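Spelled out, the chains give:
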Amino acid sequence: MTGQFRTQGRQALAGLKVWVDGVNQAGGLAADGLIYRVELVHYDDASLAERAAAATRKLIREDRVDLLFGPYSSGLTRVAAEVAEQEGQLLWNQGGASEAIYQPGRRVVGILSGAREYLSALPQLLKQADSTAVTFAIARCSAGAFPKQVSEGFETAALGLGFTRVAHLEFPPEQSRFTDLAQQLAEAHPDLLLLVGRIRHDIALARALISSWAGGGRPKVAAVVAAPIDRFREELGPDAEGFLGPSQWEAPALESTFHALADYFGPSPAQALSSLTGAGIDAGLPVDYPMAQAYAAGLVAQRCVEEAGSLEPVALRETAARLDFHTFFGRFKIDPDTGRQVGRSVFLVQWQQGSKVVIWPPELAQGKLLSL
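Note that the structure is a prediction, hence the values are computed from the model and not measured. For every chain, the first residue of the written sequence is number 1, and numbering continues from 1 along that sequence. Per-residue local features are limited, in this predicted model, to residues with pLDDT of at least 70; the limit for side-chain atom pairs, both in listing and counting, is 80 or more; totals at the level of whole chains, interfaces and linings are taken over all residues. By convention in this description, side-chain values take in all heavy atoms of the structure and omit both hydrogens and water.

(A) The arrangement of the sheet that holds strand S5 (residues 108-110) in detail. Spatially, the 3 strands line up as an open sheet ordered S3-S4-S5, and their pairing is parallel. The open sheet has two free edges, formed respectively by strand S3 (68-69) and S5, since each of these has just one partner strand. Pairing between strand S4 (residues 91-93) and S5: 3 bridges, direction parallel. If you follow Asn-93 over to S5, its bridge partner there is Gly-110. Along the sheet, helix H3 (residues 74-87) makes contact with S3, S4 and S5, crossing S4 at roughly 160°. For two strands to count as paired, DSSP must find a minimum of two bridges between them. For helices the rule is a DSSP run of H or I covering at least 4 residues; for strands it is a run of E covering at least 2, with both sets numbered from the N terminus onward. Contact criterion: two residues are considered in contact whenever any of their non-hydrogen atoms come within 4.5 Å of each other. Axes here refer to lines fitted to C-alpha atoms; in helices the fit is confined to the stretch in contact. Angles between the N-to-C directions go from 0 to 180 degrees.

See the structure below:
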């Protein structure tokens, strides 16, 4: 609720509240032959690992929660997962994409797609649109598993398609000025550029790049992991045009497909968006992916409780491992050994004429990839 992840943490809390309110309005949660009213207990980890560990331990030992939802960010979620494992509790991971969270046999259920998948489709998409694209560059934060895994997934895909890397630059998490780094990237003149750090890094680096491109070196495509969130568009204004990035959820694109699904659980994408929009207005927050994936985590946990007929962690983990169904967030299916989400794909979206446009996957695309 405070610290560097405060916006995303508040969004996640709002999403969980939407789920809790929906369950209680429908009469409660059925388990063990009883109907339970759901109460949401939460603490502020201040975006700090030690606070996340302490909050997780308190929720398990003192509050004795039946369902434990993790925090936002891969680093904090990894710490929470370790504590949950020590305490014999199951963690519903709504906010961490790093593969380090998932270990064989660990009691974790993943909701969102993994970090390596975030931009792995982009080199193929560019190659299909422009066969002359042959080079790429990466600029990423040197700290944390998430930036490393996003860039590794992207680079593996690019090299596999015959791209050549012309620059790989790293910056420390405390860096706030990117003029020199942006100039280095412009001078490398890649066809395809990836930027991945924390949200503040992504915005500051994108802004520095726009200035550096005045002297040349503009790539054909620039991907910024934070590009799909409202804050990116608000801070860059018209300069956001053409930037693209990965998105865990895009309601309009999913709305056209859910009617044909026989294994669907919960509200439609449009209904979910309406509920989340109302919650966002009440909390003074934009509806970005952290809100949606937290709501989806509640629905997944609810389905598992109903199927298992129990709140016992082992029974819920076993049930989650065998289920394969859809919610407004997309397909839910985990690797039964690690708990990592394997059923859903990440969207690629691009700012075009002031709006976000889905350009991947092909079956849900609302438009084509445009060059900068």
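(B) Here's a closer look at the side chain of Gln-248. For Gln-248, the location among the structural elements is in the loop between strand S10 (244-247) and helix H9 (251-255). Within 3.5 Å is the distance limit for a polar contact, defined as a pair of N or O atoms, with the added protein rule that one can donate a hydrogen and the other accept it, and that residues adjacent in sequence qualify only through two side-chain atoms. Within the structure, the side chain of Gln-248 is placed 3.0 Å from the side chain of Tyr-118, a separation counted as a polar contact. When near neighbours in sequence (up to four residues on either side) are disregarded, Gln-248 contacts Leu-112, Ser-113, Tyr-118, Tyr-289, Gln-293, Phe-329, Arg-344 and Phe-347.

(C) Quick peek at the pairing of strand S7 (residues 164-171). As defined by bridge partners, strand S6 (residues 135-141) adjoins S7 across 7 bridges and the pair is classed as parallel. Bridged to Ala-137 within S7 is Ala-167. Following the backbone out of S6, through helix H5 (residues 145-160) and into the adjacent parallel S7, one traces a crossover that is right-handed. We call a crossover right-handed when, viewed with both strands directed away from the observer, the connection leading from the first strand over the helix to the second proceeds clockwise.

(D) Representation of the pattern of salt bridges within the structure. Salt bridges are defined by distance alone: a side-chain nitrogen of Lys or Arg within 4 Å of a carboxyl oxygen of Asp or Glu. All told, the structure shown has 14 salt bridges when counted by the stated rule. Glu-82 is the partner of Arg-78 in a salt bridge, and the nearest nitrogen-oxygen pair spans 3.1 Å. A residue pair is termed a helical-turn pair when its members lie 3 or 4 positions apart in one helix, as Arg-78 and Glu-82 do in helix H3 at 4 residues. For the exposure calls, accessible area comes from a 1.4 Å probe over protein chains only, and a residue counts as buried if that area is under 20% of its type's maximum, exposed if over 50%, partly exposed in between. Residue Glu-82 is classed as partly exposed on the basis of its relative accessible area of 30%. Taking the shortest distance from any N to any O, the salt bridge between Arg-116 and Glu-152 comes out at 2.6 Å. Of this pair, Arg-116 sits in the loop between S5 and helix H4 (122-129) while Glu-152 sits in helix H5; the two residues are 36 residues apart in sequence, bridging distant segments of the chain. Given a relative accessible area of 30%, Arg-116 falls into the partly exposed group.

(E) View of the packing of helix H2 (residues 49-61) against H3. Contact pair H2 / H3: the axes reach a minimum separation of 9 Å and the direction vectors enclose 35°. Between H2 and H3 lies a crossing whose hand is right-handed. Here Ala-49, Ala-52, Ala-53, Thr-56, Arg-57, Ile-60 and Arg-61 of H2 lie close against H3, whose contacting residues are Leu-76, Val-79, Ala-80, Val-83, Ala-84, Gln-86 and Glu-87. Under this grouping Gly is polar, as are all residues other than the nonpolar Ala, Val, Leu, Ile, Met, Phe, Trp, Tyr, Cys and Pro and the charged Asp, Glu, Lys and Arg. Per-class residue counts for the contact of H2 with H3 are 9 nonpolar, 2 polar and 3 charged. Take the far helix as the reference: if the near one is turned anticlockwise from it by less than a right angle, the crossing is left-handed, and if turned clockwise, right-handed.

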